[in-house]
Amino acid sequence: MRLSVSLLVCLVLLAISAAAQRPANSNATYQQLRSLLPAGDALPVSHFELRRDAGVLTFESGSFVFYGEVNGKITGAVFRGTGHFHLAPPTPEERHNLHILAHTDEFNEDFDQAVLRFTDSTAAEIHKAATGKQAGEGSFTQAATGLRDFQEHKLQENIDLRLLEDVLSPAQGGYFLAAIHGKKNPHLFFTVDPYGDRAVSPDQVSLLNYSDWGETYLAAFPLSDAAARKQAQGSYRIDHENLDTTIEKSGFLTGQATVHLIALEDGLAAAQLALFPTLRVSKVETDKGEVMDYVQESKDLDADFGVILPHPLKKGESVDIRIAYAGKDVVKNEGNSNYYPMARESWYPNSSRGLGDYATYSMVFRVPRGLQLIATGTKATETNDGKTTTSEWKTDVPLAVVGFNLGKFTMKEVVIPGKLGDNLTVDAYANTTPPDEFAHLSDASLGSFNAPGMLPQELSEGQVAAQIYTNYFGPLPFAHVALTQQFACNYGQSWPMLVYLPICGFLDSTQQHFMGLRPEDMYWKVVTAHEVAHQWWGQTVGFRSYRDQWMSEGFADASSTIFLQATRNKPDDFREFWKEQRKLITEKNAQGFRPIDVGPVTMGFRLATDKTGWDIYQNLVYPKGAYILQMIRMMMWQRKDGDAEFITMMRDFASTYRLRAATTEDFKAMVEKHMTPQMDIEGNHTMDWFFLEYVYGTDLPVYHFESQATPTDTGVTLHFKLTQSGVPESFKNLVPIYLEFADGKVTRLGEVKVSGNKTIEQTVPLAKSPSPIKKVWINYYYDVLCLEN
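Residues numbered from 1 in each chain as written. Predicted model: local features only at pLDDT ≥ 70, side-chain atom pairs only at ≥ 80, totals over all residues. Heavy atoms only, no water.

(A) Region of the structure containing the packing of aromatic side chains. Evaluated as defined, the whole model comprises 53 aromatic pairs. Where tryptophan 537 meets phenylalanine 555, the ring centres are 5.5 Å apart and the plane angle is 90°; that geometry is what we call edge-to-face. Separated by 18 residues along the polypeptide, tryptophan 537 in the loop between α10 (522-533) and β30 (541-542) and phenylalanine 555 in helix α11 (residues 549-567) bring together distant segments of the chain. Across the ring face of tyrosine 67, the terminal group of arginine 117 is positioned such that the distance to the ring centre comes to 4.2 Å. (Phe/Tyr/Trp six-rings, centres within 6.5 Å; stacked < 30°, edge-to-face > 60°. Helix = DSSP H or I, 4+ residues; strand = E, 2+ residues; numbered from the N terminus. Lys NZ or Arg CZ within 6 Å of the ring centre and 35° of its normal.)

Structure below.
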């Protein structure tokens, strides 16, 4: 049989095309992992202990059946029988968390089944402990199938992708997962991952309980081995991305990313990247055109995205990867040229480890002509071609994240002169027409929706806030910030050089009342100042871990009170802000918990559970994080030069961690570097006392204060009695005393050092003052987080 030349050419082209277009999940090793089930003989064990860091699985009596080998490695086993799991969290914070959630300081659970997935030495340990062989049965397979269904539909976490990383690597893996069917808790997941559990990174050991209400982390902490803790940085990093993005009128997004990926460990063979589930990948290749396999299950299942490298990389080696993707629901069209970017952190592939991985970006955006796109970075060019507007953006410095806003905007601009020529340009953008959901505000009695009319106010607040923060924290590493209206009504967000402000802040007070809002609420007074502050806290200084996010949110809240102080003639709003924050922290919620009792700020998102209440995170991390900085500020305040010491410290902190992640301990070291003599109340030049009590602790002192000012010939004799209660005997604090005079002036007299549950009583002679003393206060400016009675 003879074939024509044209037919041969067609067949060759088809073959090339077929080779070039590998569908998702087609990698043979991944397919093996995905379909693998336990089979073969059952290996009985008796009183067998499997220790993984602080967790101990004791298999009293029963049998294991192994999963088959993949690439010469056994990656799982199913146990059925009787067993016991024990976990002793190594830190006071984790023991406290476990006590709140499970009423115990150490976790214990009897179980009748455990599905193990691993790449460490577990298989060898089981073989060594086995006392013989016997026939397996179908219940082992059913257990494995049950875990598969659970990971797909409930956890929505692709465990097989994580296993693939180690199975393809020539290096020894260290991953371990035990899915435990407990008698009290049927869905327990104990995980040890040297690279860190992605949900609670950088913690490498975690215990998760899944219920009808969702996931709860009962415990999470680093590995006890100091050397192994270094791996929590992850297996790779990204230092540059080229992003080419097209957004259609409907909001449908099409993109191509070229990612420069660098191995942090030997043997990097696969890498998991964050990408919004509805963005479906169509192609992955190297910059040389070498096609790569990739993993991405259904968007409604465990849709984690990962790439398989052409060959394993050694530490320090790199590869450029091109990824094509497209999908809906990333940008939502809200009508009348209003767009809502939904997938703020995952509209492009990235490593997604908090706001701590800094990279540079080159970006091209194509949008329908007539719309304006504002992005992070500096706009290099913008052209119109037919029905499309194309703009090119670049980042002059590494950024923790990039994003954009899209709409039909009007803009106002102001330039803040810098002392060294480092001017800061602040732009404010508002949509010219309301989104569909706000069309009802065009009623004659309410006036028309006029977001552009509110621009001068938003621009003024943003400008003043940026000026104040530049004075306090130093200049930003970028030359402009855009304040943009977003569709969401009840929150703002801040990306580098791009601030998303809630649309309801662009309504007048009548319209806010109509929407059921309270324009007099403190939120509307500080939301712009808070989000602008994130340009320093969260973007200039980043955080890698949920344990350090309290600094980003808390410092932004505290910064907004500096804004209030500087822009009000009286301290009423400043004091009211702190009064409200204390109320959030100390009042019980519907579940009966005071936020401060649930855990320290370093527990982050884990504070919010179905048991403690989903409002706990918002009502603790933000206000208490702010209070921590407020307390440090007020301790450093000096009558002679006010905030000078505090400003020096904060500028040093922002400069030292400029464009990189800072940890809680980094900040503690900075405070100790700049602490005043009054703050050294233990005489060891550390702030251990403060951080143990307020950052890592849950203590809340209660103060009772009595005073009497008696006039004398030379002035006034002040007698006072201060009682501290409700704290451990080791608790120490500095409590400020203020004098309020009849003419309205308030002066700080000094501070009293108090330890434990005791009363301090003193008599102090005071010189004559121009105005009589009206009242003696403690904590007038809410200098200390406490209760008073």
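(B) Inspection of the sheet that holds strand β34 (residues 732-741) at higher detail. Ordered by their spatial adjacency, three strands build an open sheet running β35-β34-β37, and the pairing between neighbours is antiparallel. Two strands lie at the open edges of the sheet, namely β35 (746-755) and β37 (773-778), each paired on one side alone. Each strand axis lies, on average, 20° off the axis of its neighbour in the sheet, ignoring direction. (Pairing = 2+ DSSP bridges. Axes fitted to C-alpha atoms, helices over the stretch in contact; angles between N-to-C directions.)

(C) Geometry of helix α3 (residues 92-102). Within α3, burial applies to Glu93, Glu94, Asn97, Leu98, Ile100 and Leu101. The buried residues of α3 occupy an angular sector of 160° when the element is viewed end-on, so they sit on one face. Residues of α3 that are buried in the fold lie against β6 (107-118), β10 (214-221) and α13 (595-598). Where α3 terminates, the next one or two residues include histidine 103, which has phi positive at roughly 60°. (Buried < 20%, exposed > 50% of the residue type's maximum accessible area, 1.4 Å probe, protein only. Arc of directions from axis to C-beta. Contact = heavy atoms within 4.5 Å.)

(D) Quick look at the sheet that holds strand β11 (residues 236-247). The strand order across the open sheet built from seven strands is β14-β17-β12-β11-β20-β23-β22, with neighbouring strands paired in mixed fashion. Of all the strands in the sheet, just β14 (280-286) and β22 (378-385) have a single pairing partner and so form its edges. Here the strands of the sheet are splayed against their neighbours by 15° on average, with no regard to which way each runs. As paired strands, β14 and strand β17 (residues 318-327) are joined by six bridges and run antiparallel to one another. Across the sheet, threonine 286 pairs through a bridge with isoleucine 321, a residue of β17.

(E) Structural detail: the state of the cysteines. According to the stated counting rule, one finds one disulfide in the structure shown. Paired through a disulfide, cysteine 489 and cysteine 504 show a sulfur-sulfur distance of 1.9 Å. Judged by the sign of its S-S torsion, about -115°, the cystine formed by cysteine 489 and cysteine 504 is left-handed. Here cysteine 489, found in the loop between β27 (480-486) and β28 (493-495), pairs with cysteine 504, found in the loop between β29 (498-502) and α9 (509-514); they are 15 residues apart in sequence, far enough to count as distant. The buried category is assigned to cysteine 489, whose relative accessible area is 19%. (Disulfide = S-S within 2.5 Å.)

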